[in-house]
Amino acid sequence: MPGFEIAITEATPLVTQNDELRARLQQTLGTSCVLGRELGGGGMSRVFLADDTRLGRQIVIKVLHPDLATGLSAARFAREIQLAARLQHPHVLPLLDAGAFDGLPFYTMPFVEGETLRARIARDGAPPVSVGMRLVRELADALAYAHGQGVMHRDLKPENVLLSGGHAVVADFGVAKALSAATQGNAASSGAIESTSSTALGVAVGTPAYMAPEQLAADPNMDHRADLYALGLVAYETLTGVHPFGERSAQALLTAHLTEQPAPLGDRCPGVAPALAALVARLLAKRPEDRPDRAADVVRELDAITTSGESVSTPRTGSVRWRRRLVMAAAATGAVMLAASYWASRTRKVPAAERTVLAVLPFENLGAPADAYFAEGLTEEVRSRLSGITGMRVIAGTSARQYQASTKSPQEIARELGATHLLTGTVRWNRGSGTGGRVRVSTELVRAADQASMWAEPVEGPLDDVFAMQTRVAERVASALDVALLAGERRTVAARPTSNLAAYDAYLRGLADITQAGISTGEGVRPAIAEFERAVALDPRFAAAQAQLSSAYAQQYRFSGGDPAVLAQARSAVERAWALDSTSLETQRARADYLMNAGDPASALPILQRASMTAPDNVDVLLTLAAANEMLGKPDRGIVSLRRASALDPRSATALGRRAQLLDRTFQYEEAIRTREQEIALTPENGMAYVGQAYSHLLWHADVGAARRMLERGGPSLESGWLVWLASITFSAPLLSEQVLPRVALVTRDTITLPVFLAATKGAMGPDLFHYMKLRHFAAVGRSAEARVHAQALITVMEPQLRDRGDIWLQFASMRAALGEAYAQLGRTADVAREADRVVSEARRSSDTAALPTALASAAYLQVLIGQRDKAVDLLEEALRMPAGMHISRAVLRNDASWASLRADPQFQRLVAQR
C-alpha cells in the first residue's frame, strides 16, 4: 500500500541522508542525546534512533518535513505535544518531548523493540481472526482512553501501530492535532480546520488511505468518529491482509472513501463472525452518525463477540507463521515485559475509572426544615462537578437520592449501587443578616469495602463562598481517590455560575422542585419554572438557569398536548443560554431537548454526541441520545446508550423501561421481557411495565395466556386509566383483533367484557376513543348496524379535528387510521384508500422514523378492509424490514384474525414464515 502522507500530492524528499540536517539536529540536542542510525520515515518526517545519555535509554526522534513546518509555530507545537504527552495507557506510545531547530519541529518518544503492523502484515499476511481481533480491540481501547482525555489521533494506520511482545501500541497520538493547532492562518490541518478565522479554508493533511470522508473534505465539524473510520480500515486490513479499497493512487483513494463501499469482510475473510463483520462495516460508514458513537462502545462489542465464542475463524494462509512469530516474540520479550509491568505498577497511575465508582448520597440538612432544598441543591451541584472529572464514574442522582436518611450500611448501599466509594455530608445554613449568613458543609469519603474513612473535612464560610466550598469538596475528593484533574476539568470544577446569590437560591429551589416533580406530569414542573424564571430575572446572564428553564418548559410541553406557546418559551430560554455559554453541559442538553421536541432529532444528535464525549457518565444525555437515535431509526444505538445509563443509574427504572421498548422494536422480545422484569422489581406499582410485558408476549409468540397473566399480575396498578391508554394505542395500529387485544386488554383483577369495560372507563376516555372501541367491538361480534352507528359518530368527531390539524403525524395515535376504519364500516372505499395513503405519506415526512413501521402496518390494515391485499402485503413487508412498532410482528400476522384474508397469499406466507 503506498504510504502517501501529504494529501493528494507526494512530498519531496527532506534532504539526502549525508546532508547537514543530522549534524544540525545533533548540535541542537547537545550531549544529552547521541543520534544513532536512521530508521527511515515517510513524506511527513525523518526518524532517528538516539541514545538518551541522561537516563541510559534509547529513544526515537522524528523531524517534521519542511512542507509541514511552513507557517508553523514551533513553540505552540511544543506546547501541544506536551498536552499529548500526558497520555499514559498500555497501548499508547507516549510522547516525551518536543523542540525545533532551523524552524523544523521535532518530537521524541520511547524506542520499542518490535515492528509495525504494516511490516508484519506485509511479511506474514493476515493473522488468525482471534489474534487480529485482539489487536483491533487493543487499538480501540487506546482510542477510547485518548478520546476520553480529549485527544484524537487523526492518522491511525498500520505504520503507526507497533507490535511489541505480540501486543499493539499506537504511536504519534496527538501529533496531527499539534500540527493543526500550531499552524497559523490558512495552513493545512490534518482533518479538522482549526483556524483563528471562521472563514479560513483548510487542506486535509494525513494519509489518504486511512482518512474518513469528512477528514478528506476538511470538515470543520469533524470529531472523534474520524478515528473510528480509520480503526475500521485498519481492522479490515488486519483481518484480511488487504486494504478495503486495494492499492490505488491518492486521488482514486479519495474517490473511493467518498463514494464506494468495500467488499463485505466476510467475502475476504470466510468464517468470520457476522457480528464482527457487521461491526467493521459500521466503522466504515460514510456518515459519522452511522458509525458507533464511541471507541468504548467498540471495545464492549468486541468483548461481547469474544465472550460469545463466535469470533474465531478457521486457519488461513499466514496463520502458522503468525503463531510461530508470536511465540518467539513473546519468549524473547517475556522477561522485559515482566520487568516493565512491575515498574509500571509502581510508577503509572492506573486510570481511576477502572477502579472507582462514586456515589454521592443526599447531604443531610441540619438547619431549618425550610432549608432542605438548599441541602438537596448543594448535593446536586457537588455531584455535577464530580461527574465532570474523567478519572471516576459517578452514580446518577436518581439512584443515589433513594438513600435519603437510609439506615442501610455503607456496604449495603454500595452493593446495591455498584459503587466502590460513598460521599456523605451534612449541611447547616445559619441564616443571618447582610450577605445571607454562614454555611457549614461537612463531607466524608468512605471506602465501601471496609467502611474506612478516606477523607473528612468541614468547610465553612459565608454564603457567598458557596461555590468555593463546592470546588474544595470536589478537588479534595478527587485527590483522595488519586485522580488528577485535567486543566479543563479544573476550570469546570471551579466555575462560578452566577455572582447573584438570590438568583442562585432560586436556582437551587428550582432544582429541588424538578426532583420532586419527576417526569410524571407537566403541571408538576410549574413551581420549578417559576423559580428558574425568578433566577434569570435576577441575573439574565445566568446560563445554567436559562438552560434549566428551557428544559422545564420542554417537560411541560410534552405533557401539555404539544402547546406551541410552551415550546416557543423553551426555545427562547435555550437561545439565551446558548448565546451565554454554548459549551456547558446544561446548555447542550437543553438545546438538544428543545430540538427533539421540535421534531429535529438530526440536529440534536451531533450536540448530544459532543456532550457524551465531554460527559460520558451523564444519564440525562444518554437518555436523550437514545431517544434521538430511536427517532432517527437507529434503535440498536439507543439500546447501547440505555445499557450505559442503567449502569450509571442502577436504581432507576427509566432506562430499563426505555430499553425494553427498543428491544421490542428490534424483535428481541426475550431480552425485552428479562429487562422489564428488572424494571418491575424496581417499580412494582408501574402499570405501564405490565402492559409492556403483555405486548412482548403477544408480539413474540402471540401468547394471549401469558399476556393475560401479566396483566392480572399487575393487579391494582392497572387502574382504568391504564386500560384507557392500552385501548387508545389501537389508534396507531388497530391490528390486534377481538381474538387478541380485547381479551387481554380488558383483564383487571376480574375478567370483564368489553361492554363492562366501556361502562367503567367511559368517563376517562374521550368520545373519539369511546366510539372507536364500540365500533371495534360490534364489528368483531357481527353486529354491523351498531358498528355503523359508532363509525358515523367517530367520523363526526374526527373529521373536524383532522381538518384543523392539517397533515400531521401523531406518533402515539394515528387518528387517520381509526378514521379510515370508520369509513370502511360505511363502505366509503375511496375515503379509506385516501386515509391509508395519508397515514403513510405523513409518517414518511416525519422526522420520527420510529413512527413509520407502525404507520405502514396501519395502512396495510386499511387496505385489507377494502380488499387491496397486494398493497397490504407490500406495506407489511416494508414494515418488517425496519425496526418495528409495538403492534406488528410476524407472530401477530400469523395469529391475529385481522389478517385472516391474507393467509392464502403466497407472498404473505413467505413473509410470516421468516424469522
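How each quantity is defined
- Residues numbered from 1 in each chain as written.
- Predicted model: local features only at pLDDT ≥ 70, side-chain atom pairs only at ≥ 80, totals over all residues.
- Heavy atoms only, no water.
- 1 Å grid on protein atoms, 1.4 Å probe; cavity = no way out; pocket = protein on both sides within 12 Å on 5 of 7 lines; lining within 4 Å.
- Points joined across faces, edges and corners; volume = space filled by probe spheres on them.
- Helix = DSSP H or I, 4+ residues; strand = E, 2+ residues; numbered from the N terminus.
- Nonpolar A, V, L, I, M, F, W, Y, C, P; charged D, E, K, R; others polar.
- Expected span 1.5 Å × (residues − 1).
- Buried < 20%, exposed > 50% of the residue type's maximum accessible area, 1.4 Å probe, protein only.
- Polar contact = N/O pair within 3.5 Å; in protein donor to acceptor, adjacent residues only side chain to side chain.
- Axes fitted to C-alpha atoms, helices over the stretch in contact; angles between N-to-C directions.
- Parallel < 35°, antiparallel > 145°, perpendicular 65-115°, else oblique.
- Left-handed = near helix turned anticlockwise from the far one by under 90°.
- Contact = heavy atoms within 4.5 Å.
- Pairing = 2+ DSSP bridges.
- Salt bridge = Lys/Arg side-chain N within 4 Å of Asp/Glu carboxyl O.

Visitor: A description of empty space enclosed by the protein should follow, citing residues and the corresponding values.
Guide: Over the atoms rolls a probe the size of a water molecule, and in doing so it shows where empty space is left. In this structure the tally under the stated criterion is eight cavities of 30 Å³ or more. Counted as a void, the largest cavity has a volume near 80 Å³. In this structure, the largest cavity is lined by Asp293, Arg294, Asp297, Arg300, Ser612, Pro616, Leu622, Leu625, Val640, Ser641 and Arg644. Only helix H12 (295-308), helix H25 (619-631) and helix H26 (635-648) provide two or more residues apiece to the lining of the largest cavity. The element best represented in the lining of the largest cavity is H26, accounting for three residues. Grouping the constituent residues of the lining of the largest cavity by class yields four nonpolar, two polar and five charged.

Visitor: How would you sum up helix H29 (residues 687-701)? Please name residues and give values.
Guide: Helix length check: H29 (15 residues) gives 22 Å between terminal C-alpha atoms against 21 Å at 1.5 Å per residue, within 8%. Where burial is concerned, most of H29 is hidden: 12 out of the 15 residues are buried. Of the residues making up H29, those classed as buried are Gly687, Ala689, Tyr690, Val691, Gly692, Gln693, Ala694, Tyr695, Ser696, His697, Leu698 and Leu699. Taking the backbone nitrogen of methionine 688 as reference, a side-chain oxygen 3.1 Å away marks asparagine 686 as the first, capping residue of H29.

Visitor: Lay out the packing of helix H22 (residues 564-580) against helix H23 (residues 585-597) with the relevant residues and their values.
Guide: Where H22 contacts H23, the axes come no closer than 9 Å and their chain directions differ by 150°. By the angle class used here, H22 and H23 are roughly antiparallel. Regarding H22 and H23, the two cross each other, and that crossing is left-handed. Judged by residue contacts, Leu567, Ala570, Arg571, Val574, Ala577 and Trp578 of H22 engage Thr587, Gln588, Ala590, Arg591, Tyr594 and Asn597 from H23.

Visitor: Which residues make up the packing of H23 against helix H24 (residues 601-614), and what are the values?
Guide: Taken N-terminus to C-terminus, the directions of H23 and H24 make an angle of 155°; their axes are 8 Å apart at the nearest point. With respect to H24, the axis of H23 lies roughly antiparallel. By crossing handedness, the relation of H23 to H24 is classed as left-handed. On H24, the residues touching Leu585, Gln588, Arg591, Ala592, Leu595 and Met596 of H23 are Pro601, Ser603, Ala604, Ile607, Leu608, Ala611 and Thr614. Its residues placed into classes, the contact of H23 with H24 shows nine nonpolar, three polar and one charged.

Visitor: An account of the pairing of strand S7 (residues 161-164) is needed here, citing residue identities and associated values.
Guide: In summary, the side chains of a regular strand alternate between the two faces of the sheet. Burial along S7 is two-sided: the residues Val161 and Leu163 and Leu162 and Ser164 are all buried. Relative to S7, strand S6 (residues 115-116) runs antiparallel, the two sharing two bridges. Bridge assignment links glutamate 115 to a residue of S7, and that residue is leucine 163. With four bridges connecting them, S7 and strand S8 (residues 167-170) associate as antiparallel partners. Pairing of leucine 163 across the sheet is with alanine 168, part of S8. As consecutive antiparallel partners, S7 and S8 are separated by two residues, and within that stretch glycine 165 has a phi angle of approximately 65°, a positive value.

Visitor: Residues and numbers for the sheet that holds S6, please.
Guide: With antiparallel pairing, the three strands of this open sheet are ordered in space as S6-S7-S8. Sheet topology places S6 and S8 at the edges, where each strand pairs with a single neighbour. Docked against the sheet, helix H5 (residues 129-148) engages S7 and S8, running at close to 30° with respect to S8.

Visitor: Could you give an account of H24, with specific residues and numbers?
Guide: Taking 1.5 Å per residue, 14 residues should reach 20 Å; H24 reaches 20 Å between its end C-alpha atoms and fits that length. Those residues of H24 that sit buried are Pro601, Ala604, Leu605, Ile607, Leu608, Gln609, Ala611 and Ser612. Its buried side turned inward, H24 meets helix H8 (225-240), H23 and H25.

Visitor: Account for the pattern of salt bridges, naming residues and giving values.
Guide: Applying the stated criterion across every chain yields a total of 41 salt bridges. With a shortest N-O distance of 3.8 Å, aspartate 141 and arginine 137 are connected by a salt bridge. Here aspartate 141 pairs with arginine 137, and both are found in helix H5, just four residues apart, close to one helical turn. Note that arginine 287 is salt-bridged to glutamate 289, the shortest N-O span being 3.2 Å. Bridged by salt links that share partners, the residues Glu799, Arg816, Arg828, Asp831, Arg834, Glu835, Arg838 and Glu842 form one connected network.

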